[in-house]
Amino acid sequence: MERLEAALYHPVYENSVDNVDYWNQYYKNKLCSTQPSPFAQYVATLTDSGKSLVDLGCGNGRDTVYFAGLGLQVTGVDLSDISVQSLQEQNIPGARFVCGDFVNPKETVGDSFDYAYSRFTIHAINERQERTFLKNIYSRLRPNGKFFIEVRSIHDPLFGKGKKMERNAYFYDNHYRRFIVMEELVQSLQEQGFQIEYAKEQSGFAPYGNDDPPVIRIVAKKAAVSHA
């Protein structure tokens, strides 16, 4: 295995992408905004105060803190120990932070929750991890629970840049990105049992400085248990 590939896969989770060192340095350098993302502000209109939400790959906690301020009971999960430790030290009401693997939330979050929030995290894992991730989220969501996703698209200008690692995935700017085909992700969600309430790909969802790439937004719902 080449040195680059070896650095990308965690020895504990075979064939699992590991960007921990990159993101630790990123958050240590405080490169990310602390304001809630446009996606979080959109999702806030679809949630009810008092319910539980898990922020999967919470990063510097910008959206987790925002949701907690709206009265949700929030758990932020991230593999960046530097970011999680900083957030834990802040003792934010309504929010707790766990350093761990968001692909397997039962190990870090618990048995169930009302909402799952995944902003710019699915494109940080490979296809095998994605299948595990979607299965685990479906099993942990309560009936009528919602899964909110925002993710990079194959139509992103960064697509194809850097070293190709696998299908639609590249190592560029010191970390791994996998670009998503919206129709394929929708199909994968439906195969798990999700109902798709909203799915759209466009620019304007996630502007960053002078960049405004097209990204994918999806709202998926776990149907209520039928007693028929």
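Residues numbered from 1 in each chain as written. Predicted model: local features only at pLDDT ≥ 70, side-chain atom pairs only at ≥ 80, totals over all residues. Heavy atoms only, no water.

## A few points about the overall build of the protein
For the protein, the helix and strand inventory stands at seven helices and 10 strands. Burial analysis of the protein (228 residues in total) assigns 50% to the buried set. Taking the contacts inside the protein whose residues are at least 6 apart along the sequence as the reference set, 64% of them involve residues at least 24 apart. Surface summary for the protein: the accessible area is close to 11300 Å², and the carbon and sulfur share equals 47%. (Helix = DSSP H or I, 4+ residues; strand = E, 2+ residues; numbered from the N terminus. Buried < 20%, exposed > 50% of the residue type's maximum accessible area, 1.4 Å probe, protein only. Contact = heavy atoms within 4.5 Å. Areas by Shrake-Rupley, 256 points an atom, 1.4 Å probe, with all protein chains shown as cover.)

## Considering the nonpolar core
By size, the foremost hydrophobic cluster in this structure holds 26 residues, and its most contacted members are Phe-133, Ile-137 and Phe-147. Filtering out sequence-adjacent residues up to four positions away, Phe-147 remains in contact with Leu-56, Ala-116, Ser-118, Phe-133, Leu-134, Ile-137, Leu-141, Leu-189, Phe-194, Ile-218, Val-219 and Ala-220. (Core = buried A, V, L, I, M, F, W, Y, C linked by side-chain atoms within 4.5 Å.)

## Overview of helix H4 (residues 62-69)
Along H4, the residues that are buried comprise Arg-62, Asp-63, Thr-64, Phe-67 and Ala-68. In this structure, the buried residues of H4 make contact with helix H3 (38-44), strand S1 (52-56), strand S2 (73-78), strand S3 (95-99) and strand S4 (113-119). Following H4 by one or two positions, Gly-71 has its phi on the positive side, about 95 degrees.

## Comments concerning the pairing of strand S6 (residues 163-166)
Bridge analysis of S6 against strand S7 (residues 169-172) gives three bridges, and the strand direction is antiparallel. The partner of Glu-166 across the bridge, within S7, is Ala-169. Between the end of S6 and the start of S7, which pair antiparallel, lie two residues, with Asn-168 showing a positive phi angle near 60 degrees. (Pairing = 2+ DSSP bridges.)

## Digging into the sheet that holds strand S5 (residues 141-152)
If you walk across this open sheet you meet the seven strands as S3-S2-S1-S4-S5-S10-S9, and the pairing is mixed. The outermost strands of the open sheet, each flanked by one partner alone, are S3 and strand S9 (194-202). The sheet shows a mean angle of 15 degrees between the axes of neighbouring strands, direction not considered. Sheet topology note: the S9/strand S10 (residues 215-222) ladder contains eight bridges and is antiparallel. (Axes fitted to C-alpha atoms, helices over the stretch in contact; angles between N-to-C directions.)

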